[in-house]
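Results of the structural survey
If you want the building blocks of each chain, they are given just below.
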Amino acid sequence: MKLVRGAWKILVGIKDFLVLVFMLLFFTMLFAALSAKPNPGSIRDGALLVALDGALVEQPEEVDPFARLSGAGSVKQQRLRDVVRALDAAKGDSHVKAVVLDLDRFAGGYPAAISEVAAAVGKVRAAGKPVLAYATAYTDDSYALAANASEIWVNPLGGAMFAGPGGTRLYYKGLIDKLGVNAHIYRVGKFKSAVEPYMRSDMSPEAKEADLAMYQQILDQWRQEIAKARPKARIADYLAKPAETVTAAKGDIAKANLTMGIVDKLGDRLAFGKRVAEIAGAPSGKPAGNFNRIKLADFVAAHPLPTGGDAIGVITVAGEIVDGKGGPGRAAGDTVSAALLKGLANKKLKALVVRVDSPGGSALASEQIRQAVLQAKAQGLPVVVSMGSLAASGGYWVSTAGDTIFAEPNTITGSIGIFGVIPTFEKTLAKIGVGTDGVKTTPLSGQPDIYGGTNAETDTLLQSAIEAGYARFVGLVAGARKLTPERVNEIAQGRVWIGGTAHQIGLVDRFGGIDDAIAEAARRAKLDPAKVHAVYLEKEPSSWAKLIASFADDKDEDGDWADQPAGADLFARAAIGQRALLAQALGDARRLATGGSVQARCLECGGFGPATGSLEDARLFDAIAARLGL
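The shown structure was predicted, so the numbers you read here are calculated from the model rather than taken from an experiment. Numbers given for residues are sequential positions, taken from 1 along each chain in its written order. Whole-chain, interface and lining totals are the exception, using all residues; otherwise, since this is a predicted model, local features are given only for residues with pLDDT of at least 70 and side-chain atom pairs are given and counted only at 80 or more. The basis for every side-chain value is the complete set of heavy atoms in the structure, and neither hydrogens nor water enter the calculation.

Quick word on the sheet that holds strand β5 (residues 106-108)
A pair of strands is considered paired only if DSSP assigns at least 2 bridges between the two. By definition, any uninterrupted DSSP run of H or I lasting at least four residues is a helix, any uninterrupted run of E lasting at least two residues is a strand, and each is numbered from the N terminus. On the basis of which strands lie adjacent, the open sheet formed by three strands has the order β3-β2-β5 and parallel pairing. Since the sheet does not close on itself, it has two edges, and those belong to β3 (77-79) and β5, each with one partner. Strand-to-strand twist across the sheet, computed as the mean angle between neighbouring axes with direction ignored, equals 40°. Strand contacts of helix α3 (residues 80-90): β2 (54-57) and β3, with the helix running at about 55° to β3, the strand carrying the most contacts. Lines fitted to the C-alpha atoms define the axes, with helices restricted to the stretch that makes contact. Angles between their N-to-C directions range from 0 to 180 degrees. Any two residues whose heavy atoms approach within 4.5 Å are treated as being in contact.

Here we look at the packing of aromatic side chains
Here the aromatic set is Phe, Tyr and Trp, taking the six-membered ring for Trp, and pairing holds for ring centres within 6.5 Å; pairs whose planes are under 30 degrees apart are stacked, those over 60 apart are edge-to-face, and all others are tilted. Under the counting rule described, the total for this entry stands at eight aromatic pairs. Both rings, one in Tyr143 and one in Phe162, keep their centres 5.1 Å apart while their planes meet at 50°; by these two values the pair is tilted. Of this pair, Tyr143 sits in helix α5 (residues 140-146) while Phe162 sits in the loop between β7 (151-160) and α6 (173-179); the two residues are 19 residues apart in sequence, bridging distant segments of the chain. Categorising residues by exposure relies on relative accessible area from a 1.4 Å probe, with only protein chains included: less than 20% of the type maximum marks a residue as buried, more than 50% marks it as exposed, and the intermediate range marks it as partly exposed. Residue class for Tyr143 comes out buried when judged on its relative accessible area of 0%. Where Phe162 meets Tyr238, the ring centres are 5.8 Å apart and the plane angle is 85°; that geometry is what we call edge-to-face. Residue Phe162 is found in the loop between β7 and α6, and its partner Tyr238 is found in helix α9 (residues 235-240); the two are separated by 76 residues along the sequence. Here Phe162 matches Tyr238 in class, with each residue buried. Ring pairs connect the aromatic residues Tyr138, Tyr143, Phe162, Trp222 and Tyr238, which therefore count as one cluster. The ring of Tyr536 has Arg81 lying over it, and the distance from NZ or CZ to the ring centre is 3.8 Å. Think of it as a cone above the ring: NZ of Lys or CZ of Arg counts as a charge over the ring if it is within 6 Å of the ring centre and within 35 degrees of the ring normal.

Description of unusual backbone geometry
In most cases, non-glycine residues show a negative phi, while peptide bonds are predominantly trans. The residue after Gln447, namely Pro448, is reached through a cis peptide bond having omega -10°. Here Pro448 shows up in the loop between α17 (426-431) and α18 (456-481). Backbone geometry places Ser393, a non-glycine residue, at a positive phi of 50°. Secondary-structure assignment places Ser393 in the loop between β16 (383-392) and α16 (394-399). For Lys482, which is not a glycine, the phi torsion comes out positive at approximately 55°. Structurally, Lys482 can be placed in the loop between α18 and α19 (485-491).

Quick notes on the sheet that holds strand β4 (residues 96-102)
If you walk across this open sheet you meet the six strands as β9-β7-β6-β4-β1-β10, and the pairing is parallel. Two strands lie at the open edges of the sheet, namely β9 (265-266) and β10 (293-295), each paired on one side alone. Pairing analysis gives three bridges linking strand β1 (residues 46-51) to β10, with the strands arranged parallel. Its bridge partner lying in β10, Leu48 is registered against Ile294.

Any functional reading would require information that these geometric values do not contain.
The structure is reproduced here in structure tokens:
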């Protein structure tokens, strides 16, 4: 009995010890996380550090906080409106002696988002504040931002290399045939190239025509913006003959960039830090290369959105449109519509702005969100649509609910068309000697049969449903844009348009950003635009997730400037792009296997965006790579 009591005391002691350790860890982490929260009161004179680590997006996806804390899932996302608000505030804030753009780990963004931030950087420079940009290697996106800086620095062992839009897409028809998979494709629209990878081994002439026109327009706008920001930079020469230019510099890309006026200074992070310290001051007790810094999160917290005047609701439709519920960065039909309906009921809104930044997705969820927007109209509220970087297919479907549509000249939009894909595996099973059979009481018994294949009756029915869905889509656009269905059909067919062309053909009304849309919504509600404020109707991350995320971000920002992780060089940048291409291939395979609804989606739109691709595809790639020990 004594032995049992002794053992019990030992177990109780172990339990008490573990509880104590857990409590100590919990409160230590809680204290650290609370200390790491944005602190607007900590703003002191120095350089505002805008470290654009990761991709620039409308609404960041929610990341597992513990994975973020441990360093896993390293792809980050920066909220566009926070970056722009910070840059706008920096112009008149006396604490900000300079703005530093750390682009070493910048993964890019869609053209419209890049242009918006670039314009904000240019305004800071025009206001007389020094803006200094640094990167080991510049690509098209990062250079578009840096071009607006007062000084552009590049690592002597790095350089700038511009590829321009375009590149390779993957086509799976050969693989599908080898595996014996039969991809049953139901679609409308000769330009609806989202399904081409499943039915062809190369790009169709129609898709090439549309993509080339789009890419050329994006490149032309990029050139114009660079020329305006840095008229002396010989960008055209470098784009036309990059190999010849670098060879003339004996392979020294950075030196070639300096000679052509593309960059101003060559130096590593230490030299750059010393230069910033000359302007913003150096902290005492810190190694050389450090400078007085203002953290972006603290600065954003110190300049919150206004709260005075009447409320204009802003509902964000960002990311893939999916059925059901979802977190930030995914436009889940149930979640977005619920947030909007709740806001209409409780927020005393005077007007509504629908901010769309989406390639589309589920047609059912797109309609669900559109119906929720129509409830605002039913309450007599003006509805203005603000297209961000991307408002294509299902994103445009949602946009048809607006009274007027704002877009940027380089917004990607259109892609008016729908499709559905059902894979069947009868040929795959036959290869391993497996047959299928059964009893059927009607032509649709057991259909669609993924094991035995679809029959003609099912194919006809599903194609008819897709055609009816397309006709509905065309009808929505025709009614919203006051065009005939015949005219909409001409400009639809799944074709993707850039904002400038979309304005010419009547798919959008005016050029402008979110602030312009909010001002227009106020005017339509007979309010003074200067006396309203935006209320964002979106699901916020949990408090715990915010604490962990802020703690992880704080760890990144508190280190010495010169000791921050080095950015990727040009070779590593190329590898990142290839990794994203492989991740997209895995994501496409997942979408083929699991896509269970009619899709109003622009899959090809991903080619215009960040080099990292979607976080969901990246996570799938990481999981498979870890499983394979890569």
